[in-house]
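Structural features, examined
Each chain is listed here by its residues.
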Amino acid sequence: MLGSQVRLVPLPVMLSLAIIAVMAYESVPIVVWGAWLGVSVALQGLRRYVFGKLAVLTRLSARHRLRVAVVVNALNASAHACSLFFFPVFTPFERAVQSMLYVGLGLASVLGAAGYMPFTLTHILIVLGPMYALWAWSATLDGGGLIEVMIPVMGVIYAVTLYLVSRRVFRLLSSVFERRVELEEVLSSAESDARAKPR
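Residues numbered from 1 in each chain as written. Predicted model: local features only at pLDDT ≥ 70, side-chain atom pairs only at ≥ 80, totals over all residues. Heavy atoms only, no water.

1. Some points on the nonpolar core
- With 31 residues, the main nonpolar core has Ile20, Trp36, Phe86, Tyr102, Leu128, Met131 and Tyr132 as its most contacted residues.
- Of all the secondary structure elements, the ones that give two or more residues to this core are helix H2 (10-24), helix H3 (30-54), helix H4 (62-82), helix H5 (92-112), helix H6 (117-138) and helix H7 (146-196).
- The element best represented in this core is H6, accounting for seven residues.
- Discounting residues that sit within four places of it in the chain, Ile20 has contacts with Trp36, Ser83, Phe86, Phe90, Gln98, Leu101 and Tyr102.
- Val50, Leu54, Ala69 and Ala113 belong to the second-largest nonpolar core, a separate cluster that totals eight residues. (Core = buried A, V, L, I, M, F, W, Y, C linked by side-chain atoms within 4.5 Å. Buried < 20%, exposed > 50% of the residue type's maximum accessible area, 1.4 Å probe, protein only. Helix = DSSP H or I, 4+ residues; strand = E, 2+ residues; numbered from the N terminus. Contact = heavy atoms within 4.5 Å.)

2. A word on the packing of aromatic side chains
- Counted according to the given criterion, the structure contains seven aromatic pairs.
- Relative to Phe90, the ring of Phe86 lies with its centre 6.2 Å away and its plane at 65°, an arrangement referred to as edge-to-face.
- Among the aromatic residues, ring-to-ring pairing joins Phe51, Tyr116, Phe119 and Phe170 into one connected group. (Phe/Tyr/Trp six-rings, centres within 6.5 Å; stacked < 30°, edge-to-face > 60°.)

3. Structural notes on H4
- The end-to-end C-alpha separation of H4 is 30 Å, in line with the 30 Å expected for 21 residues at 1.5 Å each.
- Residues Arg65, Ala69, Val70, Val72, Asn73, Asn76, Ala77, Ala79, His80 and Ala81 constitute the buried set of H4. (Expected span 1.5 Å × (residues − 1).)

4. Looking at the side chain of Arg65
- Structurally, Arg65 is set in helix H4.
- Other than its neighbours up to four places away in sequence, Arg65 contacts Leu54, Ala55, Leu57, Thr58 and Leu60.

5. Things to note about the confidence of the model for the protein
- Put simply, the protein has an average pLDDT of 86, and 90% of its residues get 70 or more.
- Mean pLDDT per element in the protein: helix H1 (residues 2-5) is the minimum at 54, and H6 is the maximum at 93. (pLDDT = per-residue confidence, 0-100.)

6. Considering a nonpolar patch on the surface
- Together, Leu121, Leu125, Val156, Val160, Tyr163 and Leu164 give the surface a local cluster of nonpolar side chains, amounting to about 530 Å² of exposed area.
- Of all the secondary structure elements, the ones that give two or more residues to the nonpolar patch are H6 and H7.
- Of all the elements, H7 adds the most residues to the nonpolar patch, at four residues. (Patch = residues over 30% accessible without salt bridge, like charges linked within 9 Å, V, L, I, M, F, W, Y side chains within 5 Å. Areas by Shrake-Rupley, 256 points an atom, 1.4 Å probe, with all protein chains shown as cover. Salt bridge = Lys/Arg side-chain N within 4 Å of Asp/Glu carboxyl O.)

7. Remarks on the packing of H2 against H3
- Interhelical geometry of H2 versus H3 gives an angle of 175° and a closest axis separation of 10 Å. The angle between H2 and H3 places the two elements in the roughly antiparallel class. Contacts between H2 and H3 involve Pro10, Val13, Met14, Leu17, Ala18, Ile20, Ala21 and Ala24 on the former and, on the latter, Trp33, Trp36, Leu37, Ser40, Val41, Gln44 and Arg48.
- For the contact of H2 with H3, the per-class residue count stands at 12 nonpolar, two polar and one charged. (Axes fitted to C-alpha atoms, helices over the stretch in contact; angles between N-to-C directions. Parallel < 35°, antiparallel > 145°, perpendicular 65-115°, else oblique. Nonpolar A, V, L, I, M, F, W, Y, C, P; charged D, E, K, R; others polar.)

8. Things to note about H2
- Between its first and last C-alpha atoms H2 spans 21 Å; for 15 residues at 1.5 Å apiece the expected length is 21 Å, and the two agree.
- Residues Pro10, Val13, Ser16, Leu17, Ile20, Ala21, Met23 and Ala24 constitute the buried set of H2. Buried residues in H2, looked at end-on, bunch into an arc of 160°, giving them a common side. Facing away from the buried side of H2, by more than 90 degrees, are the exposed residues Leu11 and Val22.
- As for H2, its buried residues are in contact with H3, H4 and H5. (Arc of directions from axis to C-beta.)

9. Focus on the environment of Val50
- Mapping Val50 onto the fold places it in helix H3.
- When its relative accessible area of 15% is taken as the criterion, Val50 is described as buried.
- Distance from Val50 to Arg65, taken between C-alpha atoms, is 9.7 Å for residues 15 residues apart in sequence.

10. Regarding the packing of H5 against H6
- Packing of H5 against H6 leaves a shortest axis separation of 10 Å and a crossing angle of 165°. Relative to H6, the element H5 is oriented roughly antiparallel. Where H5 crosses over H6, the two elements pack in a sense that is left-handed. Residues Pro92, Arg95, Ala96, Ser99, Tyr102, Val103, Gly106, Ser109 and Val110 of H5 lie in contact with H6, whose contacting residues are Phe119, Thr120, His123, Val127, Leu128, Met131, Tyr132, Trp135 and Ser138.
- A class-by-class count of the residues in the contact of H5 with H6 yields 11 nonpolar, six polar and one charged. (Left-handed = near helix turned anticlockwise from the far one by under 90°.)

Structure below.
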């Protein structure tokens, strides 16, 4: 499933990264945001390649392939989270746009991975946690107000909700998959019995 879903992800991710880079253009040295964008795009390409290969590498166990996918996903999330170093120099509007993009990408990642919990926790711990911590920090600065206080509170609620939804989606899809396997076994057994009967 990850192999097929990954084909849908690169375009919105690349556009989101480009938007963040454009926002950083005037306030962050080009060597910094350029390096971040280059590494992020390269890792996105690596993710697409590895996930595509994992789908066909059946000689590896499913557990081993999932471990590799989790590591690659964590590398991508870490690259994305590096743009949070731009947060202090962003305007409140730019911070809101950056946050909106990462909330959206996180939801897409969770749903694309069928609620697989290591992907969800990677996004929550590596991207959302630091991002909402920065919002809380911004509330302590001059000009910080109620909005800067409420956003981290909302972020905690969102992270818990994302976790719960992810767990529910994974359980539901796991149950559907298990029933499908059981049905295929029953059908296969019935076909074998039908062929074994004398005509």
